[in-house]
Amino acid sequence: MPENPANGRTPLDRTPQWAALGKHRAELGELHLREMFAADPQRGSRYTLQVGDLYLDYSKHLVTDRTLELLRELAAALDVAGLRDAMFRGEKINVTEDRAVLHTALRAPRGAVVEADGVNVVPEVHAVLDKMAAFSNRVRSGEWTGHTGKRIRTVVNIGIGGSDLGPAMAYEALRAYTQRDLQVRFVSNVDGADLHEAVRDLDAAETLFIVASKTFTTIETVTNATSARDWLLGQLGAGQEAVAKHFVALSTNAAGVADFGIDVANMFEFWDWVGGRYSYDSAIGLSLMIAIGPERFEEMLGGFRLVDEHFRTAPAEQNVPLLLGLLGVWYGQFFDAQSHAVLPYSHYLSKFTAYLQQLDMESNGKSVQRDGSPVGWTTGPVVWGTPGTNGQHAYYQLLHQGTKVIPADLIGFAAPVGELAPALAAQHDLLMANFFAQAQAFAFGKSADEVRAEGVPEWQVPHRTFRGNHPTSVLLAAELTPSVLGQLIALYEHKVFVQGAIWNIDSFDQWGVELGKVLAKRIEPVLLTGEGAEALDSSSAALVARYRTLRGR
Ligand code: F6P
């Protein structure tokens, strides 16, 4: 086994800091945010932090000064900073895959030195960024043409997981910054309907496919890419020679790309020290760079960089990712919070939570420690949510009056994006009034006496009472720009890191996705021929038999 930075660590639940937190939690009892705010009129301004353009109000959390102190003591005792520094230094902290974890090098400035296996990776990173920029500019300007000489009007990114969610999320988030006569579509699902809907109204002569796959072995992506190539050649009535003008690849696997028939000259490289879910600021972001242009992409990288620096250097009391990570640990363990809601008050962030689901749940959905021994504590939460105000008319009922503790992040922006017509921009105050109102309602609720004072009949009072005391982080920025998006993503990346470090799990592997892949490979031939059904369990065998009957086989 490779050297494991966590070997020999005292198990989390046997540290005195963990015990102290448990005792403190018991002492806090049912303390209500109403009381905490009443006791400290400065709480709303005192419990705030700023990183870059992001203002964090964490006053509506179920914490006191003592809680925060104990949480920071826990982080110090477990040497979260040590693991952080090892990550930034390029040490192989992904122990089960024996890999460095260097997504932070993807946004290191030109001239910086970051070594993986003794090699400075920054020049390679910038060589790929330069190649992406040159290619993006050619597509954007129309200089890059398809097989028949027409300029490209649609880019279709084919990828899944980290090779899809990041660029798809960021393309939505930064739509206002995109070149509007060029659209980008995303195909991920192996369900043929996804590719069908993506290309059915396209002119193949004006379409560029980007095949995005770190490994270039992912069955969904290779299948969709093969079908896309067949569609393209069929539409154009052309031979293999047309592929070079309509297909490029983003991968770490040059041999796989060449086998597929894509010229490796049209491949944009990245490296095994970039995890899939940490990769959208690598070559995986090519579709985004084509959409927003290299300068905006660089602004976005600048946002990432800013938060990287903050995470690396800010003292614990001011370190925003550290704080957010610790708060999640606090609720998971000591309030039995099973899930975490992310509620962006921006239509442009409609795919933000889906992106975070992979980032957080694929990273921290683990139940063994780095050395393979079982954890004796709760790990990553279920992450979910959709943009406000839509969620308010769907599931907020449960958040306000249900029985579960669900900490939530509310993310909002002071200004609407610049290109909205004045009448639509004017709706922004209404959106943001909801944003502030919800944070207020979650925290303070509405007491039975307040309800009674409105003349509500006594039998209805319990139904119309809001307990409140639901913890939230409120993140506010001036505007959703490329830099701010980069800042937000880096913030969540490092928050997830902090939690993995506390829980002593490997946040950078994803063995949990393997079993389903292997079983699907075994079952597919059974669906086609029926042979081998007897080797399946009785439930799967019966389901497969029914499927075959329904398919007329
Ligand atoms: O779901 C497992 C996974 O390996 C993710 O971690 C990754 O982002 C995704 O599959 C896609 O992998 P690839 O980029 O190699 O096609």
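Residues numbered from 1 in each chain as written. Predicted model: local features only at pLDDT ≥ 70, side-chain atom pairs only at ≥ 80, totals over all residues. Heavy atoms only, no water.

Side note on the packing of aromatic side chains
Thought 1: Taken as a whole and assessed by the stated rule, the structure comprises 26 aromatic pairs.
Thought 2: Judged by centre distance (5.0 Å) and plane angle (85°), the ring pair of Phe-37 and Phe-444 falls under edge-to-face. With a gap of 407 residues between them, Phe-37 in helix H2 (residues 33–39) and Phe-444 in helix H18 (residues 428–444) connect regions that are remote in the sequence.
Thought 3: Aromatic pair Trp-330 and Phe-335: ring centres 5.4 Å apart, planes at 70°, arrangement edge-to-face.
Thought 4: Overall, the relative accessible area of 15% leaves Phe-335 in the buried class.
Thought 5: Chaining the aromatic ring pairs together yields one cluster made of Trp-18, Trp-330, Tyr-331, Phe-334 and Phe-335.
Thought 6: Lying across the ring of Phe-311, Arg-84 places its NZ or CZ 5.8 Å from the centre. (Phe/Tyr/Trp six-rings, centres within 6.5 Å; stacked < 30°, edge-to-face > 60°. Helix = DSSP H or I, 4+ residues; strand = E, 2+ residues; numbered from the N terminus. Buried < 20%, exposed > 50% of the residue type's maximum accessible area, 1.4 Å probe, protein only. Lys NZ or Arg CZ within 6 Å of the ring centre and 35° of its normal.)

Comments concerning the site of the ligand
Thought 1: If you check the shell around the ligand, you find 13 residues, and the closest are Ser-163, Ser-213, Thr-215, Thr-218 and Glu-362.
Thought 2: Ser-213 has a polar side-chain atom sitting 2.6 Å from an oxygen atom of the ligand.
Thought 3: At 2.6 Å, a side-chain N or O of Thr-215 approaches an oxygen atom of the ligand.
Thought 4: Contact with the protein chains covers 87% of the free accessible surface of the ligand, which is 390 Å².
Thought 5: More than half of the atoms of the ligand fall within 2 Å of the grid points belonging to the largest pocket. (Near = heavy atom within 4 Å. Polar contact = N/O pair within 3.5 Å; in protein donor to acceptor, adjacent residues only side chain to side chain. Areas by Shrake-Rupley, 256 points an atom, 1.4 Å probe, with all protein chains shown as cover. 1 Å grid on protein atoms, 1.4 Å probe; cavity = no way out; pocket = protein on both sides within 12 Å on 5 of 7 lines; lining within 4 Å. Sits in = over half its atoms within 2 Å of the grid points.)

Topic: the packing of helix H1 (residues 16–28) against helix H14 (residues 320–334)
Axes are the key here: two packed helices are described by the angle between their axes and the distance separating the axes.
Thought 1: Remark: H1 packs on H14, axes separated minimally by 11 Å, with the N-to-C direction vectors making an angle of 70°. Our classification of the angle between H1 and H14 gives roughly perpendicular. Note that H1 runs across H14; the crossing there is right-handed. Residues Trp-18, Leu-21, Gly-22, His-24, Arg-25 and Leu-28 of H1 lie in contact with H14, whose contacting residues are Val-329, Trp-330, Gln-333 and Phe-334.
Thought 2: Looking at the contact of H1 with H14 residue by residue, the classes come out as 6 nonpolar, 3 polar and 1 charged. (Axes fitted to C-alpha atoms, helices over the stretch in contact; angles between N-to-C directions. Parallel < 35°, antiparallel > 145°, perpendicular 65-115°, else oblique. Left-handed = near helix turned anticlockwise from the far one by under 90°. Contact = heavy atoms within 4.5 Å. Nonpolar A, V, L, I, M, F, W, Y, C, P; charged D, E, K, R; others polar.)

Regarding the nonpolar core
Thought 1: Leu-208, Trp-273, Tyr-280, Phe-352, Leu-485 and Ile-502 are the most contacted members of the largest nonpolar core, which totals 126 residues.
Thought 2: Looking at which element gives the most residues to this core, the answer is helix H21 (residues 482–503), with 13 residues.
Thought 3: Residues contacting Leu-485, with those up to four places away along its chain left out, are Met-169, Ala-170, Ala-173, Leu-174, Tyr-280, Met-300, Leu-349 and Leu-480.
Thought 4: Core analysis: the next-biggest nonpolar cluster, separate from the first, contains 25 residues, Val-199, Ala-228, Val-243 and Met-267 among them. (Core = buried A, V, L, I, M, F, W, Y, C linked by side-chain atoms within 4.5 Å.)

Regarding the side chain of Lys-495
Thought 1: In this structure, Lys-495 sits in helix H21.
Thought 2: Here Lys-495 sits buried without a salt bridge, and the closest side chain of opposite charge, Asp-360, lies 4.4 Å off (N-O distance).
Thought 3: Not counting residues within four places of it along the chain, the set of residues in contact with Lys-495 comprises Pro-321, Leu-324, Gly-325, His-340, Asp-360 and Asp-409. (Lys, Arg positive; Asp, Glu negative; His and termini not counted. Salt bridge = Lys/Arg side-chain N within 4 Å of Asp/Glu carboxyl O.)

Brief notes about the sheet that holds strand S5 (residues 154–158)
Thought 1: Pairing is parallel in the open sheet, where 5 strands are placed in the order S6-S5-S7-S8-S9. Where the open sheet ends on each side, the last strands, each with one partner, are strand S6 (183–187) and strand S9 (267–269). Neighbour-to-neighbour, the strand axes of the sheet open up by a mean angle of 20°, direction not taken into account.
Thought 2: Direction of pairing for strand S7 (residues 207–212) relative to strand S8 (residues 247–251): parallel, over a ladder of 4 bridges. The residue bridging Phe-209 from the neighbouring strand is Phe-247, located in S8.
Thought 3: Set on the sheet, helix H8 (residues 192–199) makes contact with S6 and S7; between it and S6 the angle comes to about 165°. (Pairing = 2+ DSSP bridges.)

Details of unusual backbone geometry
Thought 1: Cis rather than trans, the peptide bond between Gly-388 and Thr-389 has omega equal to 10°.
Thought 2: Relative to the helices and strands, Thr-389 is located in the loop between strand S11 (382–384) and helix H16 (396–401).
Thought 3: Positioned with a positive phi, Asp-117 is a non-glycine residue whose angle comes to about 50°.
Thought 4: Mapped onto the fold, Asp-117 is located in the loop between strand S3 (115–116) and strand S4 (119–120).

Points about the UniProt feature "active site" (unreviewed entry) in the protein
Thought 1: Those places that UniProt annotates as "active site" (unreviewed entry) correspond, in this numbering, to Glu-362, His-393 and Lys-517. Their sequence span is 156 residues, while the largest C-alpha to C-alpha distance among them is 36.8 Å; these annotated residues do not converge on one region. Checking the named residues against the largest pocket, the ones that line it are Glu-362 and Lys-517.
Thought 2: Tracing the sequence through the fold places Glu-362 in helix H15 (residues 352–364).
Thought 3: The topology assignment puts His-393 in the loop between S11 and H16.
Thought 4: Exposure remark for His-393: the relative accessible area of 72% places this residue in the exposed category. (UniProt positions renumbered as here; feature names shortened; annotations may be inferred.)

Section: the pattern of salt bridges
Thought 1: Evaluation of the coordinates by the stated rule reveals 30 salt bridges.
Thought 2: Its salt-bridge partner being Lys-23, residue Glu-27 comes within 3.4 Å of it at the nearest N-O pair. Of this pair, Glu-27 and Lys-23 both sit in helix H1, 4 residues apart, which is roughly one turn of the helix.
Thought 3: Judged by relative accessible area, which is 56%, Glu-27 ranks as exposed.
Thought 4: Where salt bridges share partners, they join Arg-107, Asp-281, Asp-308 and Glu-493 into one cluster.

Quick word on the environment of Leu-480
Thought 1: The topology assignment puts Leu-480 in the loop between strand S13 (472–477) and H21.
Thought 2: Residues Leu-480 and Trp-18 lie 462 residues apart in sequence; the distance between their C-alpha atoms is 38 Å.
Thought 3: Not counting chain neighbours up to four residues away, the residues in contact with Leu-480 comprise Ala-173, Tyr-177, Ser-346, Tyr-348, Leu-349, Phe-413 and Leu-485.

Observations concerning the pairing of S8
Thought 1: The buried fraction of S8 amounts to 5 of the 5 residues, a majority that puts the element mostly inside the structure.
Thought 2: Burial of S8 is two-sided: the residues Phe-247, Ala-249 and Ser-251 facing one way and the residues Val-248 and Leu-250 facing the other way are all buried.
Thought 3: Direction of pairing for S8 relative to S9: parallel, over a ladder of 3 bridges. Looking at S9, one finds that Ser-251 is bridged to Glu-269.
Thought 4: Taking the sense of rotation as the criterion, the β-α-β connection linking S8, helix H11 (residues 254–260) and S9 turns out right-handed. (Right-handed = clockwise from strand over helix to strand, strands pointing away.)

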